[in-house]
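Structural description and commentary
For reference, the chains in residue letters:
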Number of protein chains: 2
Amino acid sequence: MLAEIITIGDEILIGQIVDSNSAFIGKELNDIGVDVYQITSISDDKKHILNALDEAKQRVDIVIITGGLGPTKDDITKHTICEYFDDKLIQNDEVLVHVEKLFAKYISTPISDVNKQQAMVPSTSRVLMNQYGTAPGMWLEKDNTVFISMPGVPYEMKGLMKSQVLPGLQKRFDRPYILHKTVLTYGMGESAIAEKIESWEDNLPSFIKLAYLPNLGRVRLRLSARGKNKAVLEEAIKINVDQLETLIGDIIVGFEENETIEKKIGSLLVDQGKTLAIAESCTGGKIAQSFTINAGASAYFKGAVVTYATASKIDVLGIDPAVIKEYTVTSAEVAEAMALAAKDKFKSDYAIATTGNAGPTKGDGDVEVGTVFVAIATPDSVFSKKYVFSNLRERTIGKAVNKAFELILGVLTKNL
Amino acid sequence: MLAEIITIGDEILIGQIVDSNSAFIGKELNDIGVDVYQITSISDDKKHILNALDEAKQRVDIVIITGGLGPTKDDITKHTICEYFDDKLIQNDEVLVHVEKLFAKYISTPISDVNKQQAMVPSTSRVLMNQYGTAPGMWLEKDNTVFISMPGVPYEMKGLMKSQVLPGLQKRFDRPYILHKTVLTYGMGESAIAEKIESWEDNLPSFIKLAYLPNLGRVRLRLSARGKNKAVLEEAIKINVDQLETLIGDIIVGFEENETIEKKIGSLLVDQGKTLAIAESCTGGKIAQSFTINAGASAYFKGAVVTYATASKIDVLGIDPAVIKEYTVTSAEVAEAMALAAKDKFKSDYAIATTGNAGPTKGDGDVEVGTVFVAIATPDSVFSKKYVFSNLRERTIGKAVNKAFELILGVLTKNL
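The shown structure was predicted, so the numbers you read here are calculated from the model rather than taken from an experiment.

Describing the overall build of chain A
Assigned secondary structure in chain A consists of 16 helices and 17 strands. Taken along its principal axes, the extent of the C-alpha atoms in chain A is 75 × 60 × 40 Å. Looking at chain A alone, contacts between residues at least 24 apart form 67% of all its contacts between residues at least 6 apart. Here chain A has roughly 16700 Å² of accessible surface; of this, 49% comes from carbon and sulfur atoms. For chain A, the distance from the average position of its 46 positive side-chain charges to the average position of its 54 negative side-chain charges is 3 Å.

Quick look at the structure:
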């Protein structure tokens, strides 16, 4: 069962927005055993859309189209789909009532004719009601290929996928079973892992594929098994992951598909009944944000101080100015003092602190650009590590955050 | 001059990573007058890669390929390109020396045969040295179409684009001129803007295209002009943007291509010689991070406190527990007290504070999920606003952050 995702919108091609919708759709389709064969991003151009729809029909059974359904003049998807299906637009009363309700409830400007156009749909389409917006989804079929059109606004598209598209596809198609297992590692590079597991990889059964997904010092390994018999796949994945664990168990953080090192840290803290606080300088709030974006962070996360200016380290965290003067603001001593101060201020059990210079120019400190100190305060001690990353600002911030996660994870897993 | 971007890697199709590389490449190509006609994401599969290369050759002049150049077994791009060009791999001594140097300098594990394979390149390719990694870029040509292959690791790809690919394409091709102008607005929805500017939009010259890019309550308008004469395009863009400003000048934040509301706030603060501090609850560090990710934030950004737990609002910010008890933690009073406390603690001129419940369940407060109070402290006053967003956690956080930006921007622009 193959699918193609077609995203429509000049803004993707000229790089003004990143296409995150396709990743979401790909993942959700995979979860129900539909394989994404290709993702195609094209412009708001009638001929190009018509071509892309026709080419996709040759390749796949399911075509998922996003984008170009807004009320403005540059959005031409609906009219083009109508032309492709040799159909005409008719008013859908249910959608019209829904649009009117949304305007009455959420939108301060009065409803206009442009907005009412959202209720016009191809006469042969099945309407997929869009709970979160005015543009409905549409389900059409041609020569046994299913075409589904959704708005490009991420939360509207996600609502439609979950409530209508996925259930609809599960009902419409018999699907093979696809099982993914992700192994999240830390602290070892891609090629070093590859060498350690080479003979294991060579001996994987042919229905299991392995992929390496490296990102700022963390490598995920993904095993994908495909077949008709779910039990056989599960057993094969289990055996091979067990073998993998004997080879590289020391660098494996977790196995959950959506596992992240910050979620793992959170669940360890909750299990151990402990709390965390953070004092960030160069990472600027990114560590705090990584924890708080996950629901449930309040169970272990007390809070954070972002002391961006050197004066704030003194004024807000109460770091001794003499320590900063003696060791400079980017030093192990200051990082450790920040971690202890955060632990103390927030009355937490653990604390993470960062101080460094992510560049592009030398700031308050006088260290090399890319230098970061990460400190961890535990219930009874404090320690820090020095790292020298690159002169690429975002990369240095990202790596410093990951190193902070690694260090606190190392401490917490020792408690197990 | 048309280009196609082909990204290779199962991890994109199954949604394990978001394809941010294509957005970067699209933007950079546009800047030098190369139009991206299509972005195609395909699997690590030989037949699929060969097909995609051949189809792209029919469509475009430049094919940019990323991904699949790692040292591991699932990376087959190089061998497949070699087959497509009916070529063979030969060792490139310059790359080998570079790989050996990188290992000696940055990598703790010894260099292996797998790593040395990175120095093997198709004999007819021009090698593009990769400053940041072991996999070189490759430039090949077939029937007047240029094929460029780069690794998928974002910072390696970006380095190659800037240092070699873009200069190479500028030299190789005569290009038409493409001029983009982005207008960043806030506080008005897409269709309300569309109605206000309808007749202006209808009267745009045919060589200027308009796109609406909505995101969490901010709408960007992008004008794209294309032609041979740069001066004509610039003049036409200027006239039309001036007209646009007379229509919706009150909601326009800026015109820079990479303008963001947080950058605009930063530059206003710097111009006015003022500083900012933040106290975040439900937004969890995201406001701080939005400012600090930009280089130069230290010129105006003093720091932030993320008081996630209610106790931290008392312990760290010094909020009067009686105020929290009387009004609840999610209230205008607490938001304003947080803003004043942040201004005081960080000795800043302005402060932003947020308190709310992003869900999914009711937290320390007893308000409806999605309720957020945003407060702004100015040098001589404080005020707050209440918002009720949805029960979608990430969306509520994102909208609260944008509302905070809107409020502080409104205050700062009044000083102009």
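Quick look at the layout of surface pockets
The space that makes up the second largest pocket amounts to roughly 510 Å³. Along the wall of the second largest pocket there are 23 residues; nearest its centre are Asp10 and Ser43 of chain A together with Asp35, Lys209 and Arg226 of chain B. Of all elements in the fold, only helix H1 (10–13) and helix H3 (46–59) of chain A together with strand E2 (35–42), strand E9 (177–185) and strand E11 (218–227) of chain B reach the threshold of two or more residues within the lining of the second largest pocket. Here the lining of the second largest pocket gets four residues from one element, more than from any other, and that element is E11 of chain B. Here the residues of the lining of the second largest pocket sort into nine nonpolar, seven polar and seven charged.

What to know about the relation of the copies chain A and chain B
The operation linking the two copies of the chain is a rotation about an axis combined with a translation along the axis. Of the transformation placing chain A onto chain B, the axial shift is 0.0 Å and the rotation is 180 degrees, giving an RMSD of 0.1 Å. This pairing of chains is accounted for by a two-fold axis.

Things to note about unusual backbone geometry
In the Ramachandran plot, Asp143 of chain A falls in the positive-phi region, its phi being about 50 degrees despite a non-glycine side chain. For Asp143 of chain A, the location among the structural elements is in the loop between strand E7 (137–142) and strand E8 (145–150). On the basis of relative accessibility, which here comes to 60%, the residue Asp143 of chain A falls in the exposed class. Of note in this structure, Thr328 of chain B is not a glycine but carries a positive phi near 75 degrees. With respect to the helices, strands and loops of the structure, Thr328 of chain B is situated in the loop between helix H14 (321–327) and helix H15 (332–346).

Some words on the interface of chain A and chain B
In this complex, chain A contributes 86 residues to the contact, which on the side of chain B involves 86 residues. Carbon and sulfur atoms supply 57% of the area that chain A and chain B bury against each other, a total of about 7100 Å² over both sides. Viewed at the interface, chain B and chain A are joined by six salt bridges. In this structure, the salt-bridge partner of Asp10 of chain B is Lys209 of chain A, at a minimum N-O distance of 2.9 Å. The tally of links from chain A across to chain B stands at 38 residue pairs in polar contact (both at pLDDT 80 or more).

Some remarks on the sheet that holds strand E10 (residues 208–215) of chain B
Residue and element names in this part refer to chain B. Pairing is antiparallel across the open sheet formed by four strands, whose spatial order is E10-E11-E9-E12. Edge strands, defined here as strands with exactly one partner in the open sheet, are E10 and strand E12 (252–254). Ignoring which end each strand starts from, the neighbouring axes of this sheet average 30 degrees apart. In this sheet, E12 lies alongside E9 in antiparallel orientation, the contact comprising two bridges. In the sheet register, Thr185 faces E12, and the bridge partner there is Ile252.

So, the pattern of salt bridges
Residue and element names in this part refer to chain A. Counting across every chain of the model gives 26 salt bridges over all chains. The partner of Lys27 in a salt bridge is Asp31, with the nearest N and O atoms 3.2 Å apart. Of this pair, Lys27 and Asp31 both sit in helix H2 (residues 21–31), four residues apart, which is roughly one turn of the helix. With relative accessibility at 18%, the residue Lys27 sits in the buried group.

Quick notes on the domain arrangement of chain A
Residues and elements named next belong to chain A. With domains assigned, chain A is organised as domain 1 (2–172), domain 2 (177–256) and domain 3 (261–415). Between the C-alpha centres of domain 2 and domain 3 the distance comes to 31 Å. Contacts between the two partners involve eight residues from domain 2, matched on the other side by eleven residues from domain 3. Carbon and sulfur atoms supply 59% of the area that domain 2 and domain 3 bury against each other, a total of about 810 Å² over both sides. Applying the counting rule to domain 2 against domain 3 returns zero salt bridges.

Brief notes about empty space enclosed by the protein
To find the voids left in a structure, one rolls a probe of water-molecule size over its atoms. For the structure shown, the criterion picks out two cavities of 30 Å³ or more. Of the volumes computed, that of the largest cavity is approximately 110 Å³. Lining the largest cavity are 16 residues; nearest its centre among them are Asp19, Ile39 and Ser41 of chain A together with Asp19 and Ser41 of chain B.

What to know about the packing of helix H3 (residues 46–59) of chain B against helix H4 (residues 77–84) of chain B
All names here are of chain B. Following both chains from N to C, one finds H3 and H4 inclined at 55 degrees, their axes separated by 10 Å at the closest point. With respect to their mutual orientation, H3 and H4 come out oblique. The way H3 lies across H4 gives a crossing that is right-handed. Contacts between H3 and H4 involve Lys46, Ile49, Leu50, Leu53, Asp54 and Lys57 from the first element and Thr80, Ile81, Glu83 and Tyr84 from the second. Taken together, the residues that form the contact of H3 with H4 break down as five nonpolar, one polar and four charged.

Regarding the nonpolar core
Counting 40 residues, the largest nonpolar core has Val305, Leu317 and Met338 of chain A together with Val305, Leu317 and Met338 of chain B as its most contacted members. Every element with two or more residues in this core is listed here: strand E13 (276–280), helix H15 (332–346), strand E15 (350–356) and strand E16 (371–377) of chain A together with strand E13 (276–280), H15, strand E15 (350–356) and strand E16 (371–378) of chain B. Leu317 of chain A has contacts with Ala279, Val305, Thr307, Ser312, Met338, Ala341, Ala342 and Lys345 of chain A, leaving out every residue within four places of it along the chain.

Quick word on the pairing of strand E3 (residues 62–66) of chain A
All names here are of chain A. Counted residue by residue, E3 has five buried out of five residues, so it is predominantly covered. Burial along E3 is two-sided: Ile62, Ile64 and Thr66 facing one way and Val63 and Ile65 facing the other are all buried. Across five bridges, the pairing between strand E1 (residues 2–8) and E3 is parallel. Bridging from a neighbouring strand, Ile6 pairs with Ile65 of E3. Taken together, the five bridges between E3 and E8 define a ladder with parallel strand orientation.

Describing the sheet that holds strand E10 (residues 208–215) of chain A
All names here are of chain A. Read across the open sheet, the four strands follow the order E10-E11-E9-E12; overall the sheet is antiparallel. Either end of the sheet is taken by a strand with one partner, and the two such strands are E10 and strand E12 (252–254). Strand-to-strand twist in this sheet, taken as the mean axis angle between neighbours without regard to direction, amounts to 30 degrees. Examined bridge by bridge, strand E9 (residues 177–185) and strand E11 (residues 218–227) share eight bridges and lie antiparallel to one another. By the bridge assignment for E11, Lys181 is matched with Leu223.

Let's talk about the confidence of the model for chain A
For chain A, the mean per-residue pLDDT works out to 91, and 97% of the residues sit at or above 70. Both scores are given for the predicted complex: the pTM is 0.73, the ipTM 0.72.

Brief notes about the packing of aromatic side chains
A complete count under the given rule lists 18 aromatic pairs over all chains for this structure. Ring-pair connections join several aromatic residues into one group, and the members of that group are Phe291, Tyr300, Phe301 and Phe405 of chain A together with Tyr308 of chain B. Over the aromatic face of Tyr84 of chain B sits the side chain of Lys142 of chain B, whose NZ or CZ is 3.8 Å from the ring centroid.

Examining the side chain of Ser348 of chain A
Looking at where Ser348 of chain A falls in the secondary structure, it is placed in the loop between H15 and E15. Among all residues touching Ser348 of chain A, those that are not within four sequence positions of it are Thr275, Leu276, Ala277, Lys302, Ala342 and Lys343 of chain A.

Procedures and definitions
Residues numbered from 1 in each chain as written. Chains lettered and ligands numbered in written order. Predicted model: local features only at pLDDT ≥ 70, side-chain atom pairs only at ≥ 80, totals over all residues. Heavy atoms only, no water. Helix = DSSP H or I, 4+ residues; strand = E, 2+ residues; numbered from the N terminus. Contact = heavy atoms within 4.5 Å. Areas by Shrake-Rupley, 256 points an atom, 1.4 Å probe, with all protein chains shown as cover. Lys, Arg positive; Asp, Glu negative; His and termini not counted. Charge placed at Lys NZ, Arg CZ, Asp CG, Glu CD. 1 Å grid on protein atoms, 1.4 Å probe; cavity = no way out; pocket = protein on both sides within 12 Å on 5 of 7 lines; lining within 4 Å. Points joined across faces, edges and corners; volume = space filled by probe spheres on them. Nonpolar A, V, L, I, M, F, W, Y, C, P; charged D, E, K, R; others polar. Least-squares fit on C-alpha atoms with pLDDT ≥ 70 in both. Buried < 20%, exposed > 50% of the residue type's maximum accessible area, 1.4 Å probe, protein only. Buried area = accessible area lost by both parts, 1.4 Å probe. Salt bridge = Lys/Arg side-chain N within 4 Å of Asp/Glu carboxyl O. Polar contact = N/O pair within 3.5 Å; in protein donor to acceptor, adjacent residues only side chain to side chain. Pairing = 2+ DSSP bridges. Axes fitted to C-alpha atoms, helices over the stretch in contact; angles between N-to-C directions. Domains from an automatic or database assignment. Parallel < 35°, antiparallel > 145°, perpendicular 65-115°, else oblique. Left-handed = near helix turned anticlockwise from the far one by under 90°. Core = buried A, V, L, I, M, F, W, Y, C linked by side-chain atoms within 4.5 Å. pLDDT = per-residue confidence, 0-100. Phe/Tyr/Trp six-rings, centres within 6.5 Å; stacked < 30°, edge-to-face > 60°. Lys NZ or Arg CZ within 6 Å of the ring centre and 35° of its normal.

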